[in-house]
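Below, each chain spelled out in residue letters.
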Amino acid sequence: IDIKALRGATGGVTTLDPGYKNTGSCESAITFLNGEEGILRYRGYSIEELADKADFLEVAYLLIFGELPTKEELAKFHSDIREQSHVDDDVKKILDGFPKSAHPMGVLSSLTSALVAFNPSSVNVDSEEEMYNAIVRMLAKFPVLTAWAHRKRAGLPLDYGDDSLGYVENFHKMMFHKPNQNYSVDKKVVDALDKLLILHADHEQNCSTSTVRIVGSSHAGLFVSISAGINALWGPLHGGANQAVIEMLEAIKEDGGDTHKFMNKAKDKEDPFRLMGFGHRVYKNFDPRAKIIKKSADEVLTALGIEDPVLDIAKGLEKEALEDSYFVDRKLYPNVDFYSGIIYRALGIPVEMFTPMFALGRLPGWIAQWKEMRQRKEPIGRPRQVYIGENLRSFKPVEKR
Ligand code: ACO
């Protein structure tokens with residue numbers, strides 16, 4: 001599209017589209033999404049096939065560089081990431097300054113911004129090599145920060161994982177290993193985690209990704225653009241929904257398990273309560289990720305021999321919503337986060353860490369979108385507005401007001 005010609009042709013007309021419901025912000029070759037038919041593809045590969053056959057690091061490479069890596073490319077990518085996984089000791093001091101009760105999303109966004117101070121060259125991304133280095137650093141250090149945010153809350157010492165392990169297994173070790181204990185993990189746990197991360201890896205121009213692109217469009221560096229994305233993801237209408245879902249399911253359980261009562265609350269327009277994990281800006285039939293996750297939740301709980309009563313409450317709510325005209329008319333279906341919390345919980349991940357897990361999964365998507373935006377030399381993001389305030393008035397000194 002020739003933007004200059006378009007601007008000339010519209011004669012400076014400004015469109016107003018609150019929430020950007022019908023406004024495209026960019027052209028992108030990364031993720032294809034068809035909300036009516038429930039289709040999601042990364043770089044042309046279906047989410048179903050990737051979740052079934054790929055691993056998270058392969059998907060990260062695919063999203064960022066556009067093609068599935070060869071064996072050699074994947075090995076080099078992983079080894080470059082391993083080499084950059086060290087986080088400066090002074091970052092530990094910053095983490096130390098947070099209260100133990102701090103929400104890990106706030107901690108993570110702060111530490112991700114702070115990384116710039118220790119990697120000042122990461123803001124120079126004009127050459128392919130500089131861009132690659134910034135990307136590898138981000139992918140290497142973020143899992144460490146995420147695990148540290150958890151370890152601080154859990155009162156565990158901060159250290160590193162084991163370079164001989166895969167990216168996701170190493171993250172799991174960094175999260176959970178205890179001093180003076182041999183670490184081992186069931187392959188089923190790592191596989192489930194891997195799948196969840198893949199399902200969250202990109203979702204075109206959602207709130208946090210648009211934030212990353214718009215912050216990056218001012219040529220702020222990768223780390224601070226990602227930090228902004230983390231903050232956008234934190235809200236309960238976006239990534240924070242996964243924490244909110246499990247809290248809601250727990251509340252329903254504590255209240256005696258009457259799902260109907262909560263459905264009515266969600267339908268009551270005087271009540272701000274919404275059914276968390278339901279609805280999506282784009283998916284208007286079903287969320288393909290939710291389908292995969294629901295099946296996975298069943299499998300993981302069975303494999304680990306866990307019986308979680310909130311899974312039954314979740315299934316009950318879904319069934320009731322599918323038969324309720326309020327939800328049917330508004331095309332409100334479970335989204336990716338409706339069942340993810342149940343799996344996270346089965347894997348021993350505490351509730352406050354659910355949204356950081358989403359951030360870890362979304363990281364490759366954010367990076368890919370930021371890279372695309374920079375490489376396409378997109379202009380600074382700067383929407384217009386329709387002014388609805390006062391006309392010109394004269395200033396009155398304070399004693400005359
Ligand atoms: N419970 C009850 N009613 C809902 C819900 C819900 N979860 N979601 C939407 N509605 C209703 C709205 O009240 C509105 O009704 P109305 O037409 O009578 O006024 C109608 O459905 C349309 O809703 P909007 O808010 O206009 O839809 P929008 O596209 O702006 O919002 C969103 C989408 C934010 C996901 C919304 O559905 C929601 O708040 N869901 C709950 C939070 C959630 O699960 N967020 C995670 C999203 S997925 C993700 O980020 C990974």
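Cut-off values and rules
Residues numbered from 1 in each chain as written. Predicted model: local features only at pLDDT ≥ 70, side-chain atom pairs only at ≥ 80, totals over all residues. Near = placed C-beta within 6 Å. Nonpolar A, V, L, I, M, F, W, Y, C, P; charged D, E, K, R; others polar. UniProt positions renumbered as here; feature names shortened; annotations may be inferred. Helix = DSSP H or I, 4+ residues; strand = E, 2+ residues; numbered from the N terminus. Buried ≥ 20, exposed ≤ 12 C-beta atoms within 10 Å, placed from the backbone. Contact = placed C-beta atoms within 7 Å. Pairing = 2+ DSSP bridges. Axes fitted to C-alpha atoms, helices over the stretch in contact; angles between N-to-C directions. Parallel < 35°, antiparallel > 145°, perpendicular 65-115°, else oblique. Core = buried A, V, L, I, M, F, W, Y, C linked by C-beta atoms within 7 Å. Expected span 1.5 Å × (residues − 1). Left-handed = near helix turned anticlockwise from the far one by under 90°.

**A look at the site of the ligand**
The full set close to the ligand counts 19 residues, and Ala-241, Arg-274, Phe-278, Gly-279 and Arg-281 are the nearest of them. Partitioned by chemical class, the residues of the shell around the ligand number eight nonpolar, seven polar and four charged.

**Section: the UniProt feature "active site" (unreviewed entry) in the protein chain**
Feature annotation in UniProt assigns "active site" (unreviewed entry) to the following positions: His-280 and Asp-337. Spanning 58 residues, the named residues form one tight spatial group whose C-alpha atoms are at most 10.6 Å apart. Looking at the element boundaries, His-280 is found in the loop between helix 13 (259–267) and helix 14 (288–303). In this structure His-280 comes out as buried when scored by C-beta crowding, with 22 C-beta atoms within 10 Å. For His-280, the residues in contact, after removing those within four places along its chain, are Asp-287 and Asn-335. Here Asp-337 is to be found in helix 17 (residues 337–346).

**Some details on the sheet that holds strand 1 (residues 31–34)**
As summarised here, the arrangement of the three strands in space is 1-2-3, forming an open sheet in which the pairing is antiparallel. At either margin of the open sheet sits one strand with a lone partner, and together these are strand 1 and strand 3 (45–46). Note: strand 2 (residues 39–42) against strand 3, two bridges, orientation antiparallel. Directly across from Tyr-42, in strand 3, lies its bridge partner Tyr-45.

**Here's the deal with the environment of Pro-143**
Within the fold, Pro-143 resides in helix 7 (residues 128–154). Pro-143 gets classed as buried once you count the C-beta atoms within 10 Å, which come to 21. In this structure, Pro-143 is in contact with Phe-171, Met-174 and Leu-360, ignoring residues within four places of it in sequence.

**Comments concerning the packing of helix 15 (residues 309–322) against helix 17**
The contact between helix 15 and helix 17 brings their axes to 10 Å, and the two run at 170 degrees. Here helix 15 lies roughly antiparallel to helix 17, going by the angle between them. Facing helix 15, whose interface residues are Val-310, Leu-311 and Ala-314, helix 17 presents Phe-338, Tyr-339 and Ile-342. Within the contact of helix 15 with helix 17, the residues separate by chemical class into six nonpolar, no polar and no charged.

**Observations regarding the nonpolar core**
Ranked by size, the top nonpolar core spans 111 residues in total, and within it Val-59, Ala-60, Leu-63, Ile-135, Met-138, Ile-198 and Ile-343 carry the most contacts. Sequence-distant contacts of Val-59, defined by excluding residues within four places in its chain, comprise Tyr-42, Leu-50, Ala-54, Ile-198, Ala-201 and Pro-364.

**Focus: helix 10 (residues 207–216)**
In terms of residue burial, helix 10 counts as a mostly covered element, since eight of its ten residues are buried. For helix 10, the elements touching its buried residues are helix 11 (222–234) and helix 18 (354–375).

**Some remarks on helix 11**
Relative to the 18 Å expected for 13 residues at 1.5 Å per residue, helix 11 spans 19 Å between its end C-alpha atoms, a close match to the ideal helical length. Restricting attention to buried positions, one finds in helix 11 the residues Leu-222, Phe-223, Val-224, Ser-225, Ile-226, Ser-227, Ala-228, Gly-229, Ile-230, Ala-232, Leu-233 and Trp-234. As for helix 11, its buried residues are in contact with helix 6 (104–118), helix 7, helix 10 and helix 18.

**Focus: the packing of helix 7 against helix 8 (residues 167–176)**
Between helix 7 and helix 8, the shortest axis-to-axis distance is 8 Å and the interhelical angle comes to 25 degrees. On the basis of their axis angle, the class for helix 7 and helix 8 is roughly parallel. Handedness of the helix 7/helix 8 crossing: right-handed. Residues Pro-143, Val-144, Ala-147 and His-150 of helix 7 form the contact with helix 8, whose own contacting residues are Phe-171, Met-174 and Met-175. When grouped by side-chain class, the residues that make up the contact of helix 7 with helix 8 number six nonpolar, one polar and no charged.

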